[in-house]
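Residue-level structural notes
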Amino acid sequence: MGAAKEVGRSAFLMKGDNTSIMLDYGVLLKREPNYPVHVKPKDIDAVIITHAHLDHSGFVPSLFLSQSSDIQVLGTLPTFELSQLLIEDMIKISGYYLPFEYIDLLTMMKHSKSLQYREPYRIKDVTFTLHESGHILGGATVLVEHAKKHLFYTGDINTRGSKLLRPADLDFEALDLMIIESTYSQTEQMPREQSERELLEYACDVVERGGTLFIPAFSVERAQEIACVLKTNNFPHKVAMDGMALKANEIMLRHPGFLRDADMFKRSVGEAEWITGWSRRKKIVKEPGVIISPAGMLVGGSAVFYIQELAKSKKNGIALVSFQGERTPGRELLERRVATFDGKVIKCSADIKRFEFSGHNSRSELFEILDRVKGNPKVLTVHGDEMSCIKFADEIKEKYGYDAIAPNVGDIIEV
Ligand SMILES: [Zn+2]
Ligand SMILES: [Zn+2]
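In every chain, residue numbers begin from 1 and rise along the written sequence. Both sets of labels track the order of writing: A upward for chains, 1 upward for ligands. Two thresholds apply to this predicted model, a pLDDT of at least 70 for residue-level local features and 80 or more for giving and counting side-chain atom pairs, whereas whole-chain, interface and lining totals are computed over all residues. The basis for every side-chain value is the complete set of heavy atoms in the structure, and neither hydrogens nor water enter the calculation.

1. Examining the coordination of the zinc ion (ligand 2)
Those donors, Asp55 (OD), His56 (NE2), Asp156 (OD) and His383 (NE2), are the protein atoms that reach the zinc ion (ligand 2), and they lie 2.1 to 2.2 Å from it. Sites may look incomplete, because water is not among the atoms used; the donor set itself consists of N, O and S atoms within 2.8 Å of the metal (3.2 Å for Na, K and Ca). The geometry test gives tetrahedral to four donors whose angles all lie between 85 and 135 degrees, gives square planar to four donors and octahedral to six donors whose opposite members are over 155 degrees apart with all other angles between 65 and 115, and gives irregular to the rest. Relative to the metal, the four donor atoms surrounding the zinc ion (ligand 2) lie at angles of 89 to 163 degrees, and the coordination shape comes out irregular. Written as a sequence motif, the donor arrangement for the zinc ion (ligand 2) is D-H-x99-D-x226-H.

2. Here we look at empty space enclosed by the protein
Left-over empty space is what a probe sized like a water molecule reveals as it rolls over the atoms. Each cavity reported here is a set of points on a 1 Å grid over the protein atoms alone in which a 1.4 Å probe fits but cannot get out, each pocket an open set with protein on both sides within 12 Å along at least five of seven lines, and each lining residue one with an atom within 4 Å of a point. Grid points are joined across faces, edges and corners, and a volume is the space filled by probe spheres set on the points. In the structure shown here, the tally under the stated rule is one cavity of 30 Å³ or more. Considering only enclosed or pocket space, the largest cavity measures out at about 30 Å³ in volume. What lines the largest cavity is simply Thr212, Lys238, Val239, Ala240, Ile284, Glu287, Pro288, Gly289, Val290 and Ile291. Among the elements of the structure, strand E12 (239-242) and strand E14 (289-293) are those that each provide at least two residues to the lining of the largest cavity. Ranked by the residues each element gives to the lining of the largest cavity, the list is headed by E14, at three residues. Classifying every residue of the lining of the largest cavity by side-chain character gives six nonpolar, two polar and two charged. Per the convention used, a helix needs a DSSP run of H or I reaching at least four residues, while a strand needs a run of E reaching at least two, with both numbered from the N terminus. Put simply, Ala, Val, Leu, Ile, Met, Phe, Trp, Tyr, Cys and Pro go in the nonpolar bin, Asp, Glu, Lys and Arg in the charged bin, and everything else, Gly too, in the polar bin.

3. Examining the packing of aromatic side chains
The aromatic pairing rule takes the rings of Phe, Tyr and Trp, using the six-membered ring of Trp, and pairs them if the centres are within 6.5 Å, calling planes under 30 degrees apart stacked, those over 60 edge-to-face and the rest tilted. Inspection of the entire model under this criterion finds 13 aromatic pairs. Ring centres of Phe12 and Tyr153 lie 5.1 Å apart, and the angle between their planes is 65 degrees; this geometry places the pair in the edge-to-face category. Here the residue Phe12 occupies a position in strand E1 (residues 11-15), and Tyr153 occupies one in strand E9 (residues 149-153), the gap between them amounting to 141 residues. Of the two residues examined, Phe12 and Tyr153, each falls in the buried class. Chaining the aromatic ring pairs together yields one cluster made of Tyr25, Tyr35, Phe59 and Phe100. Above the ring of Trp278, the side-chain terminus of Arg281 is found at 4.5 Å from the ring centroid. Accessibility here uses a 1.4 Å probe with only protein chains present; expressed as a share of the type maximum, an area under 20% marks a residue as buried, one over 50% as exposed, and anything in between as partly exposed. Lysine and arginine charges are scored as sitting over a ring when NZ or CZ, respectively, is within 6 Å of the ring centre and within 35 degrees of the ring normal.

Spelled out as structure tokens, the structure:
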């Protein structure tokens, strides 16, 4: 129903003999958001949310416009708390029309049931389990069993793990259908250690020349991951966090069991300064140190203030650690050293550098998942740009002999 040859609006409707389950129901945020194919809420029994990112969770409230809906929403507890935070924010900042409101989000939350990893759950004649995905806190892959057939959906997956999270828990039997993300199927990312080393050196350079380093980062996962990278590498200078990242910090601190190293997380995030007011915000931009704040692509949040202030001096630095979508202020800054906010063009004198920190598998790691697959599954390559999905499917067909395709929106695949 979405995420076909595109990244965004992930949604897959799984129909069994008596049961219909939606796997993710997200939005594609462009200037105008795109939504997945419409389904009648009464035609589905449940929605499984793999993780809180809006491209997977953002359109679930639209299934609850009628108060009488009896759809179950399933996911882990952190997924629900983080989804609520992100969806609420989307409703708040949307300058565009959204076909649901805050009240529908609340109805959705009333229908939520949180599951543990590896806890089998049954809906009529379908059983499924969630497994740790390594992508963001509470993130899951889904293994579904129905009529002796097995389906595995990767959601967004990271099998290397990170400072924050353990690697994905890959535990599946012979498969009949696999839905696999293709984000970096054609790209090998820079090794993590190298990205960390480069970021650390850059941060030290900027701070030691008396500058402030600003790191715009997505509020969930990336902001915290960067704080942990600095801490575990013994970064000797001040680190501050701001914006919605702080609310995400609080949620994450409540779920230590989902973290790779809860003590390290507490130290990294707890010892950072939490910026909560304008008087402090205005002062800290004049102090040497690191500031981490959303939005990752500079589309809003306190990042807008920080960029405007810190762009003025060449001793300051900006480290871009998140993906920069087309036509976002972040991409403009990277490519043209200017950024436009509310029609005002800011020329950037500060130093700008880009670093690769991704929560997704690289090409070789996606193939490592495929190496472990048993059975002779059909494979659907999704959640990537058109080329990445098509080439990935061709390569899978060639290398493993599986019936692999890059589906289009609306395609029906029978198993
Ligand atoms: Zn994601
Ligand atoms: Zn995604």
